[in-house]
Structures are given as structure tokens and as C-alpha cells.
Amino acid sequence: MSGKPKLHYVNGRGRMESIRWLLAAAGVEFEEQFIETKEDLEKLLSDGLLLFQQVPMVEIDGMKMVQTRAILSYIAAKYNLYGKDLKERALIDMYVEGTTDLMGIIMYLPFQPPEAKEKNLALITDKATTRYFPVYEKVLKDQGQDYLVGNHFTWADVHLLEAILMVEEYKSDILSKFPLLQAFKGRISNIPTIKKFLQPGSQRKPPPDEKYIAQVKQIFNI
Amino acid sequence: MAGKPKLYYFNGRGRMESIRWLLAAAGIEFVEEFLETREQYEKLLQDGALLFQQVPMVEIDGMKMVQTRAILGYIAAKHNLYGKDLKERALIDMYVEGTRDLIDLIRVHHKFSPEEQEKNLALINERATARYFPVYEKVLKDHGTEFLVGNQLTWADVQLIEAILMVEEKVSTVLSKFPLLQDFKTRICNIPTIKKFLQPGSQRKPPPDESYVVTANRVFNRK
């Protein structure tokens, strides 16, 4: 047993990507076992490894953890990325739920019918620029600090950077009206662990392509 | 300022109900402001009271908290319903995410057409009896104690009882193959704060009806 967390998922972003980001940001090395066929998934199920018959599943500290948010919270708390007290935790939770909602729209995009593509892109742009990014821009402005919460690096910062980069893949100038977020993006991307994760050859996964979508549909019977 | 948490939502269950349950279980009195008109919602927006322009919103300890999970996590931690350490917290988080998924199936049920409702009912029954309740039955069996996690009431127990009662409203015999969950239900319903919440006249809300749907659509400008 290597002691490293072991991630069970398909070889793509999906719901596991935020977990990869957080582990990487925390400087925690991890292994991955990719589900490539229906049989791979069925084996995990028949071995009783998936509490609610779903992935993501992460083997960590003797547990087989499931449920993305549960896994992320555990990692954040364990590696000191969850703030220093209950109030900071509350802020982090609120901010992370916001970026989760935004990334959630993007995650489902490849699985929508092609006719809906343009409408969904407009939705992402609209939500990003009118609901979510203004909030984080204001937080940075009011805080006057480098980070979203408490003047230290937390899960909220990691998740926001992930969201920014994800939206930028769809609309590269999405931050044009958000100068503080642009600076934030530059700063957080330069944190050594994150810089490393952003380099080619890391365990960061590319955006979903046709092949990935087909594989996911096949494995999960979508 | 009352000092009591103040809940902003519709006069109905929706996403706020789990928060009402948890506050009630913790013995915390709360007040509610019900959204009935579009103007009320727009005022909250203009006042900058809704961080992401959404409800639920709960005024608590000087914060205007939004995002259901964030609010629940705060209440649980503040009132000693989140376990004693990181590992217990991890278990609680996993269990509440499971019951959350089940509750969400029921939460949206009333929005569907009658044909879709029939399908959804079958799905609720299947998920409850094949995916979720077997897990909690097994946890109780393996754990051998009265509660899901550790030796005292936690958020996981409160959300499970909420889920059980919600499913039973749709499928009254759903616990027939789960004897430990039946005992659990009886036990948890008899905890004084929860017993009180289950009595008529409490702030617990009934299942959604026509007027609830109409109000929500009006407030959110939905067609």
C-alpha cells in the first residue's frame, strides 16, 4: 500500500477534476485507476467498493470515500485549506458552492444535444459574468487581500481558479471586466503546486472530447 | 435584533426544509420571512442580500448565508451535530450527500407532469430501496449503536429521518424490508426536539401543493 490517495474514475474531468485540483494544490501525490469499460465499473460495484454505487470514489486514509463534496471537504480540512474557524469555513463553503454550480453547468454541456450548444454557451457566459464572477471580484475588492478568505490560501481559491480556467476555455475573454480576478488568476496560477499542476504531463485532464463523451455514455448507460 | 436565525424562503419545503429540520433538531428557535411576491424578491436582490441572487438565505450570527449545504454545515458544526473529528465528519458528509440525492428526487416531484410523476415515483422507490436505505440499514447493523455516526445524534441522523418520512409520504411501505431503519425512525422521532417538530403547529412545512408551485413561479418569473 503506497499510502497515496487512489482515485477511481474515468480518464477525464467530470466530477473528479475538482478533487485532482485540490490534492495537487495541497501538494499531495495521488494515483489513479481509470474505469475504461462497463466491466471495470461492474467490478467496483460487485466488490462493494462504491457506497452508493457511484463514482467518484477515493481511497484515502483507510476509507473508500464517495460523494464529491465529502471528499473535497475531507481533503480541505486535512491539508489546512478550510480556513481557521467556523466563520471562515462558512464563507469557503458558500463560495465553493457557487463555483460548483457554475462548473456544473459546464460539466453537463458535452452531454446536451448539439442544437442546445449555443444556448448553453450563452447561459454559461451570462451566469459567469452576472452571477458568479461579480461576487468574487467584489470579495477580492472588499477584502483587499490576495485570497478570498482570511488572507490565506484556501479551497475557495483553488476552486475559483479551476472555474475561471474552465470558463475561459469556452470564452477566452470572460475576465475582461474583472481586473481583480485577472490578477487573482495570475497569482494563484503561480503558486508552485498549482503551477506544476498546470504544466503538461500533470494529472490534470483535458476538456472532454468526442471519444471521452462516447466512453462515458457507454460505461454509465447514458 | 432577535438573535434568532431568520429564514428567507417560500412558505413551503423546497430547499429550506432540511435547514428547518436541523435547526429544530438542535433546539434552535428561528423566524421566517416568506416570499410571496416578485417585489419582495427584487427588494432582497436590490439590497444585496442574496449573494448569488438565490434563496435559501438565512441570517445567522451576523451573516447572510446562502447555499443550502453551506448553511447546513454551519449549523451542524455550531451545534455539535457534526461529529467529533475529521473521520466522523467524513462519514457524516458522505451520508448526508446520499440522503440529499434522495431528497432531491422527491423535492422536484411536484414539478413533473402526471406521466413523468409516475416514472419518478418508480425511480424514488427504486433508489430508496436499492441504493440508499440498504446502506443506512447496514451502517446501523455494523455500527450496533443508536445513531449513524459515533454515539450521539448528528446531522446524518436528522437528514436521514427527514428523507425516510418524505419517501414514506410517497411510498408508505418503503421501510418494510428495513427493520433497523424502522427502529431508527421510532427512536429519532421520539427525541424531544424532533418530536416537537413533528407535531402540528410546528414550523415544519407540508408537501408542496398547487399554490406553492404558483407562488414560486410568480416570484421567479417562470412561465
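Residues numbered from 1 in each chain as written. Chains lettered and ligands numbered in written order. Predicted model: local features only at pLDDT ≥ 70, side-chain atom pairs only at ≥ 80, totals over all residues. Heavy atoms only, no water.

### Comments concerning the UniProt feature "domain: GST C-terminal" (unreviewed entry) in chain A
Step number 1: The positions that UniProt labels "domain: GST C-terminal" (unreviewed entry) are, in the present scheme, residues 85–208 of chain A.
Step number 2: Secondary structure across residues 85–208 of chain A divides into 67% helix and 0% strand, with the first and last C-alpha atoms of the span separated by 37 Å. (UniProt positions renumbered as here; feature names shortened; annotations may be inferred. Helix = DSSP H or I, 4+ residues; strand = E, 2+ residues; numbered from the N terminus.)

### So, the layout of surface pockets
Leftover empty space is mapped by rolling, across the atoms, a probe with the size of a water molecule.
Step number 1: Counted as a void, the second largest pocket has a volume near 540 Å³.
Step number 2: Every residue lining the second largest pocket is counted, 19 residues in all, and those nearest its centre are Y95 and K138 of chain A together with G48, L51 and K64 of chain B.
Step number 3: If you list the elements that add at least two residues to the lining of the second largest pocket, you get α4 (86–108) and α5 (117–143) of chain A together with β4 (63–66) of chain B.
Step number 4: By residue number, the principal contributor to the lining of the second largest pocket is α5 of chain A, which donates six residues.
Step number 5: Per-class residue counts for the lining of the second largest pocket are twelve nonpolar, four polar and three charged. (1 Å grid on protein atoms, 1.4 Å probe; cavity = no way out; pocket = protein on both sides within 12 Å on 5 of 7 lines; lining within 4 Å. Points joined across faces, edges and corners; volume = space filled by probe spheres on them. Nonpolar A, V, L, I, M, F, W, Y, C, P; charged D, E, K, R; others polar.)

### What to know about the sheet that holds β4 of chain B
All names here are of chain B.
Step number 1: One open sheet accounts for four strands, arranged β2-β1-β3-β4; its pairing is mixed. If you trace the sheet from one side to the other, it starts and ends with β2 (31–34) and β4, each paired once. Ignoring strand direction, the axes of neighbouring strands in this sheet form an average angle of 20 degrees.
Step number 2: As judged from the four bridges shared by strand β3 (residues 57–60) and β4, these two strands associate in the antiparallel manner. Residue pairing across strands places M57 opposite V66, the latter belonging to β4. (Pairing = 2+ DSSP bridges. Axes fitted to C-alpha atoms, helices over the stretch in contact; angles between N-to-C directions.)

### Quick look at the nonpolar core
Step number 1: Judged by nonpolar contacts, the single largest core of 153 residues is most densely connected at F133 and L148 of chain A together with F133 and L148 of chain B.
Step number 2: Look past the residues within four positions of L148 of chain B in its chain and what remains in contact with it is Y95, Y136, V139, L140, H143, A156, D157, L160 and F184 of chain B. (Core = buried A, V, L, I, M, F, W, Y, C linked by side-chain atoms within 4.5 Å. Buried < 20%, exposed > 50% of the residue type's maximum accessible area, 1.4 Å probe, protein only. Contact = heavy atoms within 4.5 Å.)

### Examining the domain arrangement of chain A
All names here are of chain A.
Step number 1: Segmenting chain A into domains produces domain 1 (6–79 + 198–210) and domain 2 (86–190).
Step number 2: Each partner contributes to the interface: domain 1 provides 17 residues, whereas domain 2 provides 17 residues.
Step number 3: Summed over both partners, the interface of domain 1 with domain 2 comes to about 1400 Å²; 63% of that surface belongs to carbon and sulfur atoms.
Step number 4: The largest contributions to the domain 1 side of the interface with domain 2 come from R15, W21 and R69, which together make up 34% of the buried area.
Step number 5: Summed over the shared surface of domain 1 and domain 2, the number is three salt bridges.
Step number 6: Looking at the side of domain 1 that touches domain 2, the elements with two or more residues in it are α1 (17–25) and α3 (68–78). (Domains from an automatic or database assignment. Buried area = accessible area lost by both parts, 1.4 Å probe. Salt bridge = Lys/Arg side-chain N within 4 Å of Asp/Glu carboxyl O.)

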